[in-house]
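Working through the structure, step by step
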Amino acid sequence: MSAGGGTKAIVAALLANVGIAITKFIAWALSGSSSMLAEAIHSVADSGNQVLLLFGGRRAKREATPLHPFGYGRERYIYAFIVSIVLFSVGGLFALYEAYHKYHEAIDSPDRGAITSWQWLPVTVLIVAIVLESFSFRTAIVESNAVRGKASWKEFVRRAKAPELPVILLEDLGALVGLILALFGVSMTLITGNGLWDAAGTMMIGLLLVVIAIILAVETKSLLLGESATDEDVKAISAAITDGPEVERVIHMRTLHLGPEELLVAAKIAVRHDESADEVAKGIDAAEARIRAAVPIARVIYLEPDIYYQKG
């Protein structure tokens, strides 16, 4: 994923969520709808998440140091994981708490659970928010299509090495579905005068955010633990190593993403037994050059020469 594409999607989502959050808070203050409050907190959480992603991307660009010789590329994974925690706690758990509070309010005093003032405002705000969020979601889809290739959306979210676009995609999808759920809860409350519908809409929003947060946490945890290169890159690297007279075969190879756009390659390669040390060194240099040409993100390469003995 290009950093520019991810940044564009993050900024688009941030601008949309800040504006939407302000209007939702105003609508909640005037109408008292719990669905509006849950959605307002959701938008605040999303806005904070986008700031975290931008901050993580900036910190990941720092140069390597003696203490961190492989650089700071994984900071992007750390901040993406923090995003999942924020979405779970601030967004999901708060919405579930608010749903619980609204439910008991509607049971104890039905008149308090209903929306009695500024009844048209929540519906108007939610419709406008759906339109704005759709533009943000469209930007994320366009930027993702530019890098996902032939992968399905599920494969893209699960296998992407850069966390920003999958995070924004799931956040925007969750925001759109959440807005629809909020519109349903508010509309049914206005039609029936029963605040339980508002509580139900808030509860569904909370459950939705918790599920999305768990998916993000699981996928980001895998990146934090360290994922290998894609199958395509592994094949390209292996082919590049053996695409010359210096290397007879790859005995074994390991790859590891140090960051979304930085790959470590370590391989034991078979060289001819009658070559001099100078010839082996030049062959390794040539193989490294071919690897970098085939897979530009292969920044750190360690090739260990060895003699391959056929078993049996």
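Look a little higher up for the structure.
The sections below set out a description of the structure shown in this document.

What counts as what
Residues numbered from 1 in each chain as written. Predicted model: local features only at pLDDT ≥ 70, side-chain atom pairs only at ≥ 80, totals over all residues. Heavy atoms only, no water. Helix = DSSP H or I, 4+ residues; strand = E, 2+ residues; numbered from the N terminus. Rg over C-alpha atoms; globule rule 2.2 N^0.38 Å. Buried < 20%, exposed > 50% of the residue type's maximum accessible area, 1.4 Å probe, protein only. Contact = heavy atoms within 4.5 Å. Axes fitted to C-alpha atoms, helices over the stretch in contact; angles between N-to-C directions. Parallel < 35°, antiparallel > 145°, perpendicular 65-115°, else oblique. Left-handed = near helix turned anticlockwise from the far one by under 90°. Nonpolar A, V, L, I, M, F, W, Y, C, P; charged D, E, K, R; others polar. Patch = residues over 30% accessible without salt bridge, like charges linked within 9 Å, V, L, I, M, F, W, Y side chains within 5 Å. Areas by Shrake-Rupley, 256 points an atom, 1.4 Å probe, with all protein chains shown as cover. Salt bridge = Lys/Arg side-chain N within 4 Å of Asp/Glu carboxyl O. Pairing = 2+ DSSP bridges. 1 Å grid on protein atoms, 1.4 Å probe; cavity = no way out; pocket = protein on both sides within 12 Å on 5 of 7 lines; lining within 4 Å. Points joined across faces, edges and corners; volume = space filled by probe spheres on them. Expected span 1.5 Å × (residues − 1). Phe/Tyr/Trp six-rings, centres within 6.5 Å; stacked < 30°, edge-to-face > 60°.

So, on to the overall build of the chain. Within the chain one finds ten helices and three strands. Secondary structure of the chain in N-to-C order comes out as α-α-α-α-α-α-α-α-α-β-β-α-β. The globule rule puts the C-alpha radius of gyration for 312 residues at 20 Å, and the 26 Å found for the chain is more than 25% above it. Projected onto its principal axes, the C-alpha coordinates of the chain cover approximately 90 × 40 × 40 Å. Classification of the 312 residues of the chain by burial places 47% in the buried group. The contacts of the chain with a sequence gap of at least 6 include a subset with a gap of at least 24, amounting to 74%.

As a packed pair, helix α3 (residues 75–108) and helix α8 (residues 196–225) sit with axes 7 Å apart at the nearest point and diverge in direction by 165°. Regarding the angle of α3 to α8, the classification is roughly antiparallel. Seen along the crossing, α3 lies across α8 with a hand that is left-handed. In the contact of α3 with α8, the residues fall into 26 nonpolar, six polar and four charged.

Okay, a nonpolar patch on the surface next. Residues Val18, Ile22, Ile26 and Leu30 make up a contiguous nonpolar surface patch of roughly 320 Å² in combined accessible area. By the secondary structure assignment, isoleucine 26 is in helix α1 (residues 3–31).

What follows covers the sheet that holds strand β3 (residues 298–306). With respect to topology, three strands assemble into an open sheet ordered β1-β2-β3, the strand pairing being mixed. Whereas interior strands pair on both sides, the edge strands pair on one side only; in this sheet they are β1 (249–259) and β3. When strand polarity is set aside, the average angle formed by the axes of neighbouring strands in this sheet is 15°. Sheet analysis places β1 next to strand β2 (residues 262–270), joined by nine bridges and oriented antiparallel. Across the sheet, residue threonine 255 finds its bridge partner in β2, namely valine 265. Here helix α9 (residues 231–242) sits on the sheet in contact with β1, β2 and β3, set at roughly 135° to β1.

As a further point, take the layout of surface pockets. For the largest pocket, the calculated volume is near 790 Å³. Around the largest pocket, the lining is made up of 23 residues, and of these Arg159, Ala160, Lys161, Thr230 and Glu232 lie nearest the centre. Elements supplying a minimum of two residues to the lining of the largest pocket: α5 (120–148), α6 (153–159), α8 and α9. No other element matches the four residues that α6 contributes to the lining of the largest pocket. In terms of residue class, the lining of the largest pocket is made up of nine nonpolar, four polar and ten charged.

With that settled, consider empty space enclosed by the protein. If you walk through the whole model with that rule in mind, you get one cavity of 30 Å³ or more. Taken as a whole, the largest cavity spans an internal volume of roughly 90 Å³. Lining the largest cavity are 13 residues, and of these Val157, Pro166, Glu219, Thr220 and Leu223 lie nearest its centre. Within the residue set of the lining of the largest cavity, elements represented by two or more residues are α6, α7 (164–192) and α8. Top element by residues in the lining of the largest cavity is α8. It accounts for four residues. The residue makeup of the lining of the largest cavity, split by class, is eight nonpolar, one polar and four charged.

As a further point, take α5. Between the first and last C-alpha of α5 there are 41 Å, a value that for 29 residues agrees with the 42 Å anticipated at 1.5 Å per step. Once α5 ends, the next one or two residues include glycine 149, with phi positive near 65°.

Take the packing of aromatic side chains next. Here the structure, examined in full by the defined rule, presents three aromatic pairs. Aromatic pair tryptophan 153 and phenylalanine 156: ring centres 6.2 Å apart, planes at 85°, arrangement edge-to-face. You can see tryptophan 153 and its partner phenylalanine 156 sitting in helix α6, three residues apart, about one turn around the helix. Using a relative accessible area of 35% as the deciding quantity, one classes tryptophan 153 as partly exposed.

Opposite charge on two side chains permits pairing when their charged atoms draw close. The final tally for this structure, using the stated rule, is 13 salt bridges. For lysine 24, the salt bridge is made with glutamate 39, and the minimal N-O distance between the two is 2.8 Å. With lysine 24 in helix α1 and glutamate 39 in helix α2 (residues 34–59), this pair connects stretches of sequence that are 15 residues apart. In this structure lysine 24 comes out as buried when scored by relative accessible area, which is 1%. Note that glutamate 164 and arginine 76 form a salt bridge whose closest N and O atoms lie 2.8 Å from each other. Residue glutamate 164 is found in helix α7, and its partner arginine 76 is found in helix α3; the two are separated by 88 residues along the sequence. Overall, glutamate 164 belongs to the buried group, its relative accessible area being 4%. When salt bridges that share partners are traced, they join Arg59, Arg62 and Glu75 into one network.

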